[in-house]
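Next come the chains, spelled out residue by residue.
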Amino acid sequence: MDLVQMQKSLQDYTKSLFLEGILDSQFLQLQQLQDESNPDFVSQVVTLFFQDSDRILNDLSLSLDQQVVDFKKVDPHVHQLKGSSSSIGAQRVKNACVVFRSFCEQQNVEACHRCLQQVKQEYYLVKNRLETLFKLEQQIVASGGMIPAVELGF
Amino acid sequence: MEVCNCIEPQWPADELLMKYQYISDFFIAIAYFSIPLELIYFVKKSAVFPYRWVLVQFGAFIVLCGATHLINLWTFTTHSRTVALVMTTAKVLTAVVSCATALMLVHIIPDLLSVKTRELFLKNKAAELDREMGLIRTQEETGRHVRMLTHEIRSTLDRHTILKTTLVELGRTLALEECALWMPTRTGLELQLSYTLRHQHPVEYTVPIQLPVINQVFGTSRAVKISPNSPVARLRPVSGKYMLGEVVAVRVPLLHLSNFQINDWPELSTKRYALMVLMLPSDSARQWHVHELELVEVVADQVAVALSHAAILEESMRARNLLMEQNVALDLARREAETAIRARNDFLAVMNHEMRTPMHAIIALSSLLQETELTPEQRLMVETILKSSNLLATLMNDVLDLSRLEDGSLQLELGTFNLHTLFREVLNLIKPIAVVKKLPITLNLAPDLPEFVVGDEKRLMQIILNIVGNAVKFSKQGSISVTALVTKSDTRDADFFVVPTGSHFYLRVKVKDSGAGINPQDIPKLFTKFAQTQSLATRSSGGSGLGLAISKRFVNLMEGNIWIESDGLGKGCTAIFDVKLGISERSNESKQSGIPKVPAIPRHSSFTGLKVLVMDENGVSRMVTKGLLVHLGCEVTTVSSNEECLRVVSHEHKVVFMDVCLPGVENYQIALRIHEKFTKQRHQRPLLVALTGNTDKSTKEKCMSFGLDGVLLKPVSLDNMRDVLSDLLERRVLYEGM
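What counts, and where the lines are drawn
Counting restarts for each chain: residues are numbered from 1 in the order of the written sequence. Here every chain gets a letter starting at A, and every ligand a number starting at 1, in the order they are written. The model is predicted, so local features are restricted to residues of pLDDT at least 70 and side-chain atom pairs to those at 80 or more, both for listing and for counting; the totals for chains, interfaces and linings are taken over all residues. Side-chain numbers here rest on the full set of heavy atoms in the structure, without hydrogens or water. Buriedness for pockets is judged along seven lines, at least five of which must meet protein on both sides within 12 Å for an open set on the 1 Å grid over protein atoms alone, while cavities are sets there where a 1.4 Å probe fits but cannot get out, and lining residues have an atom within 4 Å of a point. Grid points are joined across faces, edges and corners, and a volume is the space filled by probe spheres set on the points. Starting at the N terminus, helices and strands are each numbered in turn, a helix being any DSSP run of H or I of at least four residues and a strand any DSSP run of E of at least two. UniProt positions are given in the numbering used here, feature names are shortened, and annotations may be inferred rather than shown by experiment. By the convention used here, residues are in contact when the closest approach between their heavy atoms is within 4.5 Å. Reported buried area values correspond to the accessible surface (1.4 Å probe) lost by two parts on association, with both partners' losses combined. Counted as salt bridges are all cases of a side-chain nitrogen of Lys or Arg within 4 Å of a carboxyl oxygen of Asp or Glu. All residues other than Ala, Val, Leu, Ile, Met, Phe, Trp, Tyr, Cys, Pro, Asp, Glu, Lys and Arg, Gly among them, are scored as polar; the first ten of these are nonpolar and the last four charged. A pair of strands is labelled paired if DSSP reports no fewer than 2 bridges between them. Lines fitted to C-alpha atoms define the axes here, with helix axes fitted over just the stretch in contact, and angles between the N-to-C directions of these axes take values from 0 to 180 degrees. Exposure above 30% relative accessible area and the absence of a salt bridge qualify a residue for a patch, where like charges join within 9 Å and nonpolar side chains (Val, Leu, Ile, Met, Phe, Trp, Tyr) within 5 Å. Residue-level accessible areas treat just the shown protein chains as cover; the underlying method is Shrake-Rupley with a 1.4 Å probe. Type-normalised accessible area, obtained with a 1.4 Å probe on protein chains alone, sets the label of each residue: buried when under 20%, exposed when over 50%, and partly exposed for intermediate values. For this analysis, a ring pair means two rings from Phe, Tyr or Trp (six-membered ring only for Trp) whose centres lie within 6.5 Å, classed as stacked if their planes differ by under 30 degrees, edge-to-face if by over 60, and tilted for the remaining angles. In predicted models, pLDDT denotes the confidence assigned by the predictor to each residue on a 0 to 100 scale. Residues enter a nonpolar core if they are buried and are Ala, Val, Leu, Ile, Met, Phe, Trp, Tyr or Cys, with the set joined through side-chain atoms within 4.5 Å.

Evaluated as defined, the whole model comprises 3 cavities of 30 Å³ or more. The calculated volume of the second largest cavity comes to roughly 90 Å³. Residue lining of the second largest cavity: A:Gln26, A:Ser87, B:Ser621, B:Val624, B:Thr625, B:Leu628, B:Leu691, B:Lys714, B:Pro715 and B:Val716, and that is the complete set. Top contributing element to the lining of the second largest cavity by residue count: helix H13 (residues 619–631) of chain B, with 4 residues.

Structure follows, in structure tokens:
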């Protein structure tokens, strides 16, 4: 695949992420922060996000599997995850967290389980897509090209 | 023959007769001698005796008389010449003294007699004074009784107590057998026995008021003696053997409140009297004395006064109770009104949000739908939906605006804009409809009309649009002219004075149409909300009738005035309004047609070397914030906990960003602790900014109360952060980043 095509496909791919609502404008902000002095900013942040979120999701699963669920422990985790996902721009994950939190407040264990599943689903989705995105970028860089700035028409 | 100088008695000595004479003379002498002794003795005893000289004279007279009689004793027998001589001397002396005494007595005896008369006179006087003293004492006692009675009567303001006390006290003072009070009934035709002192009376015992004895008593203000057999005095069964005591009756005026006029004494021509009947004990020989009658009259007057006071008090108490009840009712009504207002406000607040959201969704999605592929029918349907929902949205906005306007919570959004362009825009908007209706519109802008003005562009446009729209709506033919000028004076409303100040002017806009015109009587109604003229022609044009009301309120907010003139139905009408606008300094300088946007020149174009501290427990957002700030050139230190933050913060850091997303106040405490740390070096304290996901008022207030200098909404964009930092460093406070 030649460079231009790769760049185009990267652009399309990124666009699709936005159109599907998986990412929002915050992600653009992150990309803007990436410059010569800070070339790997985005991937650093995203990696950190993955690490954090994996840990949190584990803790959440453990907490919810207890006989007696301690919502006072569950809520901060969800809050943390919501914060991280919104900082990154993972819109769907953030929304799922919001719903999760409201069920936490109601102390509805059933619903919380469902929410956790939803959050996990969204998280794996975004993780998947971002990893693909980074692979594409690496390919372009390896071919000697520049990663085009994303222009969105909305 | 011896010649004997002896004197022979004239007649022969009769032995018996001579003996008796002898003895009598002897006793007479003794008596005559003892009398002065007695006199002297008694006079000496008495302290006062003014006539000593008389006494001496009298004494001498007696003594000499005694001496004469004594010497007479010797003349019964033959006696010598010496004895006769002594006898003669004595007699002569006695004669002299007697005559002197007799003469003296002529003077003395009247005196002595007058002493006696004086004594008699004094005795009489003393008796009289005694009598009078007795009278005065009685009067004084009566007076005391009256005072006490009055005091008792006036010490209470309760009607019944007053009357009862009167009877009791009167009974006691005058030692009455019975005392009764007859009060007039409601009808005024009868007297009812209301109070008695001792005897129980049957309830509802009445006497017709027109009895002659009662009329007699009521006719005079004095106490009148009446017969014990009159119906008012017959209070208990009469037993034959009692001789009924004297009865006195007196009237008690019942003063009605309406008798009290200001500056007027109450007229005693009031018709209502009560009757007080007093009975002396039967079988006593007591009579009514004058002073007792006077006492009764005085008491009756006092009772009248006391009753009137009691009546006034009752009246005022009643009025006060009424007022209190009214107060309570008013309070309740006010609270209900407040509740209603609160409910309405709550409703409006909710509706504001709840109604707009779906509305926007409908409008947005309908417009999106329009963009897609549709069949002509579908397109028509969608357009109708869009139009209807737009109308609905406008209506909702109008209603909400109006309620906000009425609450006074609406504020003008002032800005600089181009007035000429505004008018042209309005005309462009209206032109399509006007063309369809074949109504030419002309616009006349006065040459001295400023181009760039300061005011609320949106609302002004709304007003002009509304008025011009109305003109087009209600005109079927003719033309419409819109004139805008600067007004200096002579406005229609005399209360409204136009004072153009240096930087302000009054814009006057006149919209004249040749349409249906308005009945002059209807003009005031035009500006009331929801009111519409009833003609069928206008009904069809729709509209909610709110437009003019809202326009008027906006005009008022702009310190202006709006009114409509019409010559009558069918003669068209002119709508005129004045509003106050500010003159922008940039008028006549710039020829730009649009509103030039002054780009926000960052006062600090780069923040190189600016030391900041970021505190965030969330690793990811910490990294993101750090990245932002690093990109802007700051030197960023990151910490992940409150304690670490406190440890690390120093005077070198200019700004501290802290994440306060977690609920509770623990995060805010850190702000206080930082303040504490830097109390000594106030000026070196770093600026504190909170990063939060909530933008509501309570978060803002919380931040302010904990001493934070600013609040930022996460996630922060790069431009936002740049602006915020400039503002912050410039002004050291930021509460607009919401």
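Next comes the rest of the write-up.
Turning our eyes to something else, we now look at the UniProt feature "modified residue: 4-aspartylphosphate" (unreviewed entry) in chain B. Mapped onto this structure's residue numbering, the UniProt feature "modified residue: 4-aspartylphosphate" (unreviewed entry) falls at B:Asp659. Within the element layout of this structure, B:Asp659 appears in strand E16 (residues 655–659).

So, on to the interface of chain A and chain B. When the parts of a complex come together, some accessible area is lost, and that lost area is often used as the size of the interface. At the junction of the two partners, chain A supplies 20 residues and chain B supplies 17 residues. Summed over both sides, the interface of chain A with chain B buries roughly 1,600 Å², with 66% coming from carbon and sulfur. A per-residue breakdown of the area chain A buries against chain B is headed by A:Gln29, A:Leu33 and A:His79, which together make up 30% of the total. For the interface between chain A and chain B, the tally reads 0 salt bridges. Elements with a minimum of two residues in the side of chain A that touches chain B: helix H2 (25–33), helix H3 (41–64) and helix H4 (71–88) of chain A. By residue number, the principal contributor to the side of chain A that touches chain B is H4(A), which donates 7 residues. For the side of chain A that touches chain B, the class distribution of residues is 7 nonpolar, 11 polar and 2 charged.

Okay, the sheet that holds strand E3 (residues 206–208) of chain B next. Residues and elements named next belong to chain B. Pairing is antiparallel across the open sheet formed by 6 strands, whose spatial order is E3-E2-E1-E6-E5-E4. Each end of this open sheet is capped by a strand with a single partner; those strands are E3 and strand E4 (224–226). Neighbour-to-neighbour, the strand axes of this sheet turn through a mean angle of 30 degrees, independent of strand direction. Examined bridge by bridge, strand E1 (residues 178–184) and strand E6 (residues 273–279) share 5 bridges and lie antiparallel to one another. Of the residues in E6, the one forming a bridge with cysteine 179 is leucine 278.

Okay, a nonpolar patch on the surface next. Residues and elements named next belong to chain B. A cluster of nonpolar side chains, namely Tyr22, Ile23, Phe26, Phe27 and Ile30, defines an oily patch on the protein surface of about 490 Å² accessible area. Locating phenylalanine 27 in the fold gives a position in helix H1 (residues 15–45). Since its relative accessible area comes to 53%, phenylalanine 27 is described here as exposed.

Residue and element names in this part refer to chain A. Tallied over the full model, the rule gives 6 aromatic pairs over all chains. Arranged with centres 5.9 Å apart and planes meeting at 45 degrees, the rings of phenylalanine 49 and phenylalanine 50 form a pair that is tilted. For the pair phenylalanine 49 and tyrosine 123, a centre-to-centre distance of 6.0 Å together with 70 degrees between the ring planes defines the contact as edge-to-face. Taken together, the positions of phenylalanine 49 in helix H3 and tyrosine 123 in helix H6 (residues 109–142) put the pair 74 residues apart, joining distant regions of the chain. Tyrosine 123 carries the same exposure label as phenylalanine 49, and that label is buried. Taken together through their ring pairs, the aromatic side chains of Phe49, Phe50, Tyr123 and Tyr124 make up a single cluster.

Another aspect to go through is the pattern of salt bridges. A complete count under the given rule lists 23 salt bridges over all chains for this structure. Here A:Glu20 makes a salt bridge to A:Arg129, at a shortest N to O gap of 3.3 Å. Of this pair, A:Glu20 sits in the loop between helix H1 (3–19) and H2 while A:Arg129 sits in helix H6, and the two are 109 residues apart along the sequence. Owing to a relative accessible area of 37%, A:Glu20 belongs among the partly exposed residues under this scheme. Through salt bridges with shared partners, one network takes in B:Asp331, B:Arg334, B:Arg335 and B:Glu338.

What follows is about the confidence of the model for chain A. Here chain A shows a mean pLDDT of 85. Residues at 70 or above account for 95%. Averaged pLDDT values for the elements of chain A fall to 83 in H2(A) and rise to 90 in H3(A).

Once that is clear, we can look at the nonpolar core. One finds A:Phe100 and B:Phe657 to be the most contacted residues of the largest nonpolar core, which totals 66 residues. With 11 residues, H6(A) is the single largest residue contributor to this core. Contact partners of A:Phe100, with chain neighbours within four places excluded, come to A:Leu60, A:Leu64, A:Val74, A:Val78, A:Cys112, A:Cys115, A:Leu116 and A:Val119. Of all hydrophobic cores here, the second largest spans 45 residues; its members include B:Ile441, B:Ile464, B:Val482 and B:Val579.

This next bit is on unusual backbone geometry. Excluding glycine, a negative phi dihedral is what most residues carry, and trans is how most peptide bonds are arranged. With a phi angle near 60 degrees, B:Lys438 is a residue other than glycine that sits in the positive phi range. On the secondary structure map, B:Lys438 appears in the loop between helix H8 (419–436) and strand E8 (441–445).

Moving on: the sheet that holds strand E14 (residues 611–615) of chain B. Residues and elements named next belong to chain B. One open sheet holds the 5 strands; their spatial order is E15-E14-E16-E17-E18, and the pairing between them is parallel. The open sheet has two free edges, formed respectively by strand E15 (635–639) and strand E18 (710–713), since each of these has just one partner strand. Mean inter-strand twist for the sheet, computed between neighbouring axes without regard to direction, equals 25 degrees. As paired strands, strand E17 (residues 687–692) and E18 are joined by 4 bridges and run parallel to one another. Bridge assignment links leucine 691 to a residue of E18, and that residue is leucine 712. Contacts from H13 reach E14, E15, E16 and E17, with the element oriented near 170 degrees to E15.

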